[in-house]
Amino acid sequence: MTTQDNRISIWSIGSNLSTGMEDGFEGDPQLLCEHKHDGDVLDLQFLDQDRIVTASSTGAVTIFRHHQNSQTISVSQLWARAHRYPCDNAPCTGVVCSSPEIVTVGEDGRIVVFRADQEGVVRVIENADSSTIHAVTYLRTTEILTVNSIGQLKLWDFRQQSNSPSQILSLSGDRVPLHCVDRHPNQQHIVATGGQDGMLCVWDVRQGNTPFSLMEAHTAEMWEVHFHPTNPDHLFTCSEDGSLLHWETSSHSDMPSFLQGGRNSSMVSRSAMAPAGGKQPLISAWLSGDSSKGRLETTHMLPSQTLSVNSLDVLGPCLVCGTDGEAIFVNRQVPV
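About the cut-offs
- Residues numbered from 1 in each chain as written.
- Predicted model: local features only at pLDDT ≥ 70, side-chain atom pairs only at ≥ 80, totals over all residues.
- Heavy atoms only, no water.
- Helix = DSSP H or I, 4+ residues; strand = E, 2+ residues; numbered from the N terminus.
- Contact = heavy atoms within 4.5 Å.
- Areas by Shrake-Rupley, 256 points an atom, 1.4 Å probe, with all protein chains shown as cover.
- Patch = residues over 30% accessible without salt bridge, like charges linked within 9 Å, V, L, I, M, F, W, Y side chains within 5 Å.
- Salt bridge = Lys/Arg side-chain N within 4 Å of Asp/Glu carboxyl O.
- Buried < 20%, exposed > 50% of the residue type's maximum accessible area, 1.4 Å probe, protein only.
- Pairing = 2+ DSSP bridges.
- Axes fitted to C-alpha atoms, helices over the stretch in contact; angles between N-to-C directions.
- pLDDT = per-residue confidence, 0-100.

(A) Structural view of the overall build of the chain. The helix and strand tally for the chain stands at zero helices and 26 strands. Sequence-distant contacts, at least 24 apart, represent 47% of the contacts inside the chain between residues at least 6 apart. When the accessible surface of the chain is summed, it comes to about 15600 Å², and 46% of that surface belongs to carbon and sulfur atoms.

(B) Structural view of a nonpolar patch on the surface. A cluster of nonpolar side chains, contributed by Trp11, Leu31 and Ile328, occupies part of the molecular surface with about 270 Å² of accessible area. In this structure, Trp11 sits in strand β1 (residues 6-12). Take Trp11: its relative accessible area is 40%, and that puts it in the partly exposed class.

(C) Expanded view of the pairing of strand β17 (residues 199-204). In terms of burial, β17 is largely enclosed, as six of its six residues are buried. Neither face of β17 is exposed, since Met199, Cys201 and Trp203 on one face and Leu200, Val202 and Asp204 on the opposite face are all buried. Pairing of strand β16 (residues 190-195) with β17 involves five bridges; the strand directions are antiparallel. By the bridge assignment, Val191 is partnered in β17 with Trp203. Hairpin remark: β16 followed by β17, antiparallel, with three residues in the connecting loop; positive phi at Gly198, about 80°. Bridge analysis of β17 against strand β18 (residues 213-216) gives four bridges, and the strand direction is antiparallel. Residue pairing for β18: Met199 is matched across the bridge by Glu216.

(D) Structural context of the environment of Arg65. On the secondary structure map, Arg65 appears in strand β5 (residues 61-67). Along the chain, Arg65 and Gln49 lie 16 residues apart, while their C-alpha atoms are 9.3 Å from each other. Once residues lying within four places of it in the same chain are set aside, the contact partners of Arg65 are Asp50, Arg51, Thr72, Ile73, Ser74 and Ser76.

(E) Spatial organisation of the sheet that holds strand β12 (residues 143-148). As summarised here, the arrangement of the four strands in space is β11-β12-β13-β14, forming an open sheet in which the pairing is antiparallel. Each edge of the open sheet carries a strand with a single partner, namely β11 (133-140) and β14 (167-170). The mean angle between the axes of side-by-side strands here comes to 20°, regardless of whether they run parallel or antiparallel. Across five bridges, the pairing between β12 and strand β13 (residues 152-157) is antiparallel.

(F) Structural detail: the sheet that holds strand β3 (residues 41-46). Ordered in space as β3-β4-β5-β6, the four strands form an open sheet in which the pairing is antiparallel. Two strands bound the open sheet, and with one partner strand each, they are β3 and β6 (72-79). Each neighbouring strand pair of the sheet contributes to a mean axis angle of 25°, computed without reference to strand direction. As paired strands, β5 and β6 are joined by seven bridges and run antiparallel to one another. Among the inter-strand pairings, His66 is bridged to a residue of β6, identified as Ile73.

(G) Representation of the confidence of the model for the chain in the model. Mean pLDDT over the chain works out to 83, with 81% of the residues at or above the 70 mark. Across residues 16-23 the pLDDT falls below 50, and counting only partners more than four positions away or on other chains, this stretch makes 14 contacts in the model. Across residues 252-294 the pLDDT falls below 50, and counting only partners more than four positions away or on other chains, this stretch makes 104 contacts in the model.

Given below as structure tokens:
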């Protein structure tokens with residue numbers, strides 16, 4: 001029996017904005033340093049410039065420190081078995097950070113709150129969910145959002161001592177597992193999720209308990225969804241089907257086209273298998289009758305179909321993703 005040797009690695013993608021590749025993807029990133037990691041890395045987030053928090057399949061939550069002068073990594077803090085069943089470890093499936101606060105979720109249905117400057121656990125919501133919690137993000141400073149394996153989006157307010165969510169939204173019909181969640185950086189009531197059926201769901205947490213709009217995005221599980229942090233008319237999704245999509249609203253209104261049509265807007269969907277680089281409009285039948293207000297363009301960002309695209313991140317003009325082929329793609333020409 002062999003044990004997998006997992007590692008957390010720091011890479012450099014260079015500082016020049018020029019690229020010799022027509023599709024915008026750079027050459028190989030350069031490995032700076034790495035450190036052994038117990039269990040699979042199921043999620044990781046930067047806590048600050050030098051510290052990274054990982055969620056492990058062993059149930060552990062670890063803070064690693066990157067020493068930039070010596071280009072080494074060390075363990076700064078470890079909470080072993082942060083997520084657990086009575087007789088076994090439970091994978092920690094997601095982590096979100098707002099330094100010094102760290103929030104994690106897991107297969108055990110628990111929500112755990114830590115502080116980087118404290119050794120103990122700050123707060124535990126033991127039975128936050130009866131099913132697996134797949135992902136977590138901040139809605140506001142004291143509120144988080146979680147998604148689970150029965151198609152629910154839950155809002156939690158840490159100002160309340162209650163161990164119950166302050167709001168539950170859910171998919172109607174089949175309870176399709178939701179795998180990822182992100183909120184609009186400027187209008188925090190707008191939330192995007194993706195799940196097992198590859199659909200992109202956009203929610204308005206201020207009104208209604210079901211998605212505001214549903215869009216066909218991928219032909220298999222959607223693993224991550226991210227609004228661009230400074231230009232949130234742009235959104236990115238990646239999937240088991242090997243695709244990485246860039247969604248762009250081209251609305252002339254101040255309100256995002258996601259929310260222009262009313263909750264019963266129907267989206268005319270496009271195939272996620274369109275030729276790489278091709279753009280097709282995705283038009284909503286707005287209740288106002290003015291379909292020109294709501295338009296989405298989708299672009300395939302990878303040069304060709306690959307193995308599953310498991311994760312992505314975007315900052316400024318730089319888009320990074322990782323695949324099952326153990327490849328890291330870096331694109332510095334994101335049109336935002």
